[in-house]
Amino acid sequence: MTLITDVRLRRILDSRGNPTVEADVLTESGGFGRAAAPSGASTGEFEAIERAPTEAIAAAREHAVPRLVGEAYAGNQREVDSILRAADGTDDFSEIGANSAVAISMAAAKAGADVLGAPLFQHLGGAFRGRNFPTPLGNVVGGGEHAADATDIQEFLAAPVGAPSVEDAVFANAAVHGEVADLLEERGVPSGKGDEGAWAPSVDDEEAFEIVDEAVSTVEDEVGFEIRFGLDVAAAEMYDADSETYEYESADISRDTAEQIEYIADLVREYDLAYVEDPLDENDYEAFAELTDEVGDRTLICGDDLFVTNTDRLAEGIEIDAANSILIKPNQIGTLTDAFDAIELATENGYDSVISHRSGETEDTTIAHLAVATDAPFIKTGAVGGERTAKLNELIRIADDAT
Ligand SMILES: C=C(OP(=O)(O)O)C(=O)O
Ligand SMILES: [Mg+2]
């Protein structure tokens, strides 16, 4: 029934106005799945390779599509994904492009779900999923590679850890985003938005901490449940390998690795941070381990550029307790099977998985289903903006359908 009869690939726009790959997968019994690849700006050095969409589409048409059509079953995700790997023939999808691979992988999953008549999360996660929902981490202030002339820390993320429902959590994050706008106006700080819809004011990190801390407290009082906040430092982007220092340009501060570890540990204690992603360079497992040893009992230390959704890199981290959490971005590794394997390895070793969007996104909602399918405790997918609310609203719908 789920035998693949056609795979169609096209270029569509992403949220930055760049082209990206969209895939349609059709099956023998009329099943249909459509998915699109997202795209990063602060990409990790060890990510799978994203090719220019025209090249990725041409290469996938040549190498992957003939091996799938009439040969593979969309309902058998591992088979589809191993065919994608074999068709590509490299370790990092540099032949067909991780963008073509992930679009086809996700579209096949949706086609499989369509034939079954089941929601995607149930097809991926089984009949007993759909009772637990991830806490959304909402980007409310940001800079780094996502906005010019804004904070050095890439993302300040609202974390409504006490929300009684995913709907309450989603609305709380939007309220924090709105409160930040009011506080910026009070301070006379004009602000546009960065790539993920977060405010991108021209302030240093210290002022951003004050603003986000106040916004979170105000909304916490309004909604009556606990809201904390967290960070994606994206430290690899500020690390200078020659001087071995982290360069905070907006405050004109340079920190060596020991100072960076102490700085982050102090922030965790001062602001009771719930979450800290990529606080150190993507090559420095040892420094990650030192920080995790210091504050890992009170916050999540999450590897994004560090692990790049890759089980080999995660296993290396697990070996030395480098972190206690992994960011999962399917396009960093190329297929849903690879993303699932990373989540399973993480769970087996007591690491929390945080399913994540990219800064360049589309209306695709696969990651909302992936988070529910894998019982992930957190999802990072922005707070506002159509390509972000597509995922947040899908979570609300899944929860609504489940009750
Ligand atoms: C979502 C992120 O940004 P990008 O997609 O630019 O890597 C991130 O760094 O976590
Ligand atoms: Mg990150």
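Residues numbered from 1 in each chain as written. Chains lettered and ligands numbered in written order. Predicted model: local features only at pLDDT ≥ 70, side-chain atom pairs only at ≥ 80, totals over all residues.

Some details on the site of ligand 1
Link 1 in the chain: Taken together, the neighbourhood of ligand 1 is formed by Gly40, Ala41, Ser42, Thr43, Asp232, Ala234, Asp304, Ser356, Arg358 and Ser359.
Link 2 in the chain: Its residues placed into classes, the shell around ligand 1 shows 2 nonpolar, 5 polar and 3 charged.
Link 3 in the chain: Among the domains, domain 1 (4-117) and domain 2 (135-402) are the pair contributing at least three residues each to the shell around ligand 1. (Near = placed C-beta within 6 Å. Nonpolar A, V, L, I, M, F, W, Y, C, P; charged D, E, K, R; others polar. Domains from an automatic or database assignment.)

Re the packing of helix 6 (residues 166-186) against helix 7 (residues 205-223)
Link 1 in the chain: Where helix 6 meets helix 7, the axes come as close as 8 Å, and the angle between the chain directions of the two elements is 130°. Viewed along their axes, helix 6 and helix 7 adopt a mutual orientation that is oblique. The hand of the helix 6/helix 7 crossing is right-handed. Residues Asp168, Ala172, Ala175, Val176, Glu179, Val180, Leu183 and Leu184 of helix 6 pack against Ile211, Val212, Glu214, Ala215, Val216, Thr218, Val219, Glu222 and Val223 of helix 7.
Link 2 in the chain: Partitioned by chemical class, the residues of the contact of helix 6 with helix 7 number 12 nonpolar, 1 polar and 4 charged. (Axes fitted to C-alpha atoms, helices over the stretch in contact; angles between N-to-C directions. Helix = DSSP H or I, 4+ residues; strand = E, 2+ residues; numbered from the N terminus. Parallel < 35°, antiparallel > 145°, perpendicular 65-115°, else oblique. Left-handed = near helix turned anticlockwise from the far one by under 90°. Contact = placed C-beta atoms within 7 Å.)

A look at helix 7
Link 1 in the chain: Taking 1.5 Å of rise per residue, 19 residues should cover 27 Å, and helix 7 covers 26 Å from first to last C-alpha, within 8% of that figure.
Link 2 in the chain: If you check which residues of helix 7 are buried, you get Asp205, Ala208, Phe209, Ile211, Val212, Ala215, Val216 and Val219.
Link 3 in the chain: Its buried side turned inward, helix 7 meets strand 4 (135-142), strand 5 (155-159), helix 6, strand 8 (228-232), strand 10 (245-248) and helix 8 (257-271). (Expected span 1.5 Å × (residues − 1). Buried ≥ 20, exposed ≤ 12 C-beta atoms within 10 Å, placed from the backbone.)

Remarks on the nonpolar core
Buried together is how nonpolar side chains tend to be arranged in soluble globular proteins.
Link 1 in the chain: If you look at the biggest cluster of nonpolar residues, it comprises 130 residues, and the most contacted ones within it are Val25, Ala103, Ile104, Val140, Val176, Val212 and Val276.
Link 2 in the chain: Of the residues forming this core, the biggest block, 12 residues, is contributed by helix 4 (residues 98-116).
Link 3 in the chain: Taken domain by domain, this core gets at least three of its residues from each of domain 1 (4-117) and domain 2 (135-402). (Core = buried A, V, L, I, M, F, W, Y, C linked by C-beta atoms within 7 Å.)

Describing the UniProt feature "domain: Enolase N-terminal" (unreviewed entry) in the protein chain
Link 1 in the chain: With numbering matched to this structure, UniProt assigns "domain: Enolase N-terminal" (unreviewed entry) to residues 4-124.
Link 2 in the chain: Across residues 4-124, the secondary structure splits into 42% helix and 20% strand, with the terminal C-alpha atoms separated by 18 Å. (UniProt positions renumbered as here; feature names shortened; annotations may be inferred.)

Observations regarding the UniProt feature "binding site: substrate" (unreviewed entry) in the protein chain
Link 1 in the chain: Here the UniProt feature "binding site: substrate" (unreviewed entry) sits at His146, Glu155, Glu277, Asp304, Ser356, His357, Arg358, Ser359 and Lys380.
Link 2 in the chain: The topology assignment puts His357 in the loop between strand 15 (352-356) and helix 13 (366-373).
Link 3 in the chain: On the basis of neighbour counts, which here come to 25 C-beta atoms within 10 Å, the residue His357 falls in the buried class.
Link 4 in the chain: With sequence-adjacent residues up to four places away left out, His357 is seen in contact with Pro38, Ile367, Lys380, Thr381, Gly382, Arg388 and Lys391.
Link 5 in the chain: Tracing the sequence through the fold places Ser359 in the loop between strand 15 and helix 13.
Link 6 in the chain: A residue is classified by how many C-beta atoms lie within 10 Å of it, and Ser359, with 26 of them, is buried.
Link 7 in the chain: If we skip the residues at most four places from it in the chain, Ser359 touches Gly40, Ala41, His146, Asp195 and Glu196.

Considering the domain arrangement of the protein chain
Link 1 in the chain: For the protein chain, the domain assignment lists domain 1 (4-117) and domain 2 (135-402).
Link 2 in the chain: The C-alpha-based centres of domain 1 and domain 2 are spaced at 27 Å.
Link 3 in the chain: Taken together, the contact pairs 31 residues of domain 1 with 30 residues of domain 2.
Link 4 in the chain: Of all the elements in the fold, those that place two or more residues in the side of domain 1 that touches domain 2 are strand 3 (32-36), helix 3 (77-88) and helix 4.
Link 5 in the chain: A breakdown of the residues in the side of domain 1 that touches domain 2 according to their chemical character gives 15 nonpolar, 10 polar and 6 charged.

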